[in-house]
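# Structure at a glance
Given next are the chains, with one letter for each unit.
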Amino acid sequence: MFTGIIEQMGTVTALEERADGARLQVATGLASECDVGASVAVNGACLTVVARTGEGLAFDLGPETLSRTALADLGPGDSVNLERPMRLDGFLGGHLVLGHVDGVGSVIALDRAGETARLRIEWQGQDLAPLLIPQGSVAVDGVSLTVAALEAGAFEIMLIPHTLERTTLGALKPGRRVNLEMDVIGKYVLRVLSVRGEPR
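Residues numbered from 1 in each chain as written. Predicted model: local features only at pLDDT ≥ 70, side-chain atom pairs only at ≥ 80, totals over all residues. Heavy atoms only, no water.

### Some points on the nonpolar core
Buried together is how nonpolar side chains tend to be arranged in soluble globular proteins. Definition in use: Residues enter a nonpolar core if they are buried and are Ala, Val, Leu, Ile, Met, Phe, Trp, Tyr or Cys, with the set joined through side-chain atoms within 4.5 Å. Each residue is placed in one exposure class: buried if its accessible area under a 1.4 Å probe, protein chains only, is under 20% of its type's maximum, exposed if it is over 50%, and partly exposed if it falls in between. Strands are runs of DSSP state E lasting at least 2 residues, helices are runs of H or I lasting at least 4, and numbering of each runs from the N terminus. Only heavy atoms matter for contacts: two residues are in contact if any of them lie within 4.5 Å across the pair.
Grouped together as the largest cluster of nonpolar side chains are 25 residues, with contacts concentrated most on Val138, Val140 and Phe155. Within the residue set of this core, elements represented by two or more residues are strand E7 (103–113), strand E8 (116–123), strand E9 (137–140), strand E10 (143–151), strand E11 (154–159) and strand E12 (177–182). Once residues lying within four places of it in the same chain are set aside, the contact partners of Phe155 are Leu119, Arg120, Ile121, Trp123, Leu132, Val138, Val140, Val147, Ala149, Leu150 and Leu180. Core analysis: the next-biggest nonpolar cluster, separate from the first, contains 20 residues, Val40, Val42, Ala45 and Leu82 among them.

### Looking at the pattern of salt bridges
Defined as follows: Salt bridges are defined by distance alone: a side-chain nitrogen of Lys or Arg within 4 Å of a carboxyl oxygen of Asp or Glu.
The final tally for this structure, using the stated rule, is 11 salt bridges. Measuring nitrogen to oxygen at the nearest pair gives 2.7 Å for the salt bridge that ties Asp60 to Arg23. Separated by 37 residues along the polypeptide, Asp60 in strand E5 (residues 56–61) and Arg23 in strand E2 (residues 21–27) bring together distant segments of the chain. The exposure class assigned to Asp60 is partly exposed, which follows from its relative accessible area of 37%. We classify Arg23 as buried; its relative accessible area is 18%. Note that Arg68 is salt-bridged to Glu64, the shortest N-O span being 3.7 Å.

### A closer look at the sheet that holds E9
The condition that has to hold: Any two strands with at least two DSSP bridges between them are considered paired. A fitted line through C-alpha atoms represents every axis, and for helices the fit uses only the stretch in contact; the resulting angles, taken between N-to-C directions, go from 0 to 180 degrees.
Spatially, the 6 strands close up into a barrel ordered E7-E8-E11-E10-E9-E12, and their pairing is antiparallel. Between one strand and the next, the sheet's axes are offset by a mean angle of 45 degrees, whatever the strand orientation. As paired strands, E9 and E12 are joined by 3 bridges and run antiparallel to one another. Each bridged residue has a counterpart across the sheet, and for Val138 the counterpart in E12 is Met182.

### Structural notes on the environment of Glu33
Using the following cut-off: We define a polar contact as two N or O atoms separated by no more than 3.5 Å, with the added condition that, inside protein, one atom must be a possible hydrogen donor and the other a possible acceptor, whereas residues neighbouring each other in sequence contribute only through side-chain atom pairs.
By the element assignment, Glu33 lies in the loop between E2 and strand E3 (39–42). As for Glu33 and Arg84, which are separated by 51 residues in sequence, their C-alpha atoms are 9.7 Å apart. In this structure the side chain of Glu33 is engaged in a polar contact, spanning 2.8 Å, whose partner is the side chain of Arg84.

These results come straight from atomic positions and should not be treated as a statement about function.
Okay, here's the thing in structure tokens:
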């Protein structure tokens, strides 16, 4: 379980294709604090540390992860958002984030307005539509955010200076794919309604 409050950005050092998926290597100051077997959210996807190097962590990406996320788009030098799991006795600063990516979105625009910015994202797959509501929560590449505007097939969020500086979102370009995780409460409500056979 995560909060969507990014601890730090790491830098991709390698993404190696393997017969059963890929291995992602990330340079990060968190390396000394993460044991092999630990969970880390990388751009919002919960991954398991499979190896530690002097200054980095390695993660194995299976076919399911590669097909459901935008992690396959990463390359050496790219920055990624990193968050370790929340502590049960800690503060929930963002919202409940599972690290289970629901779908991939595509950046339409990042429009700066002074020190803030408006980020517009188009989502892929209409099954995500019922899970987005105005002023509701959404995680974009692991960052806890609030939906500022919603339309058919796209939504907008406002980014404050802190978010622009401390996450990868400030460097997004049109066409860039991002991982989306919708609000967990909404997902459970939708599931209950579908099991009962009630209209969405």
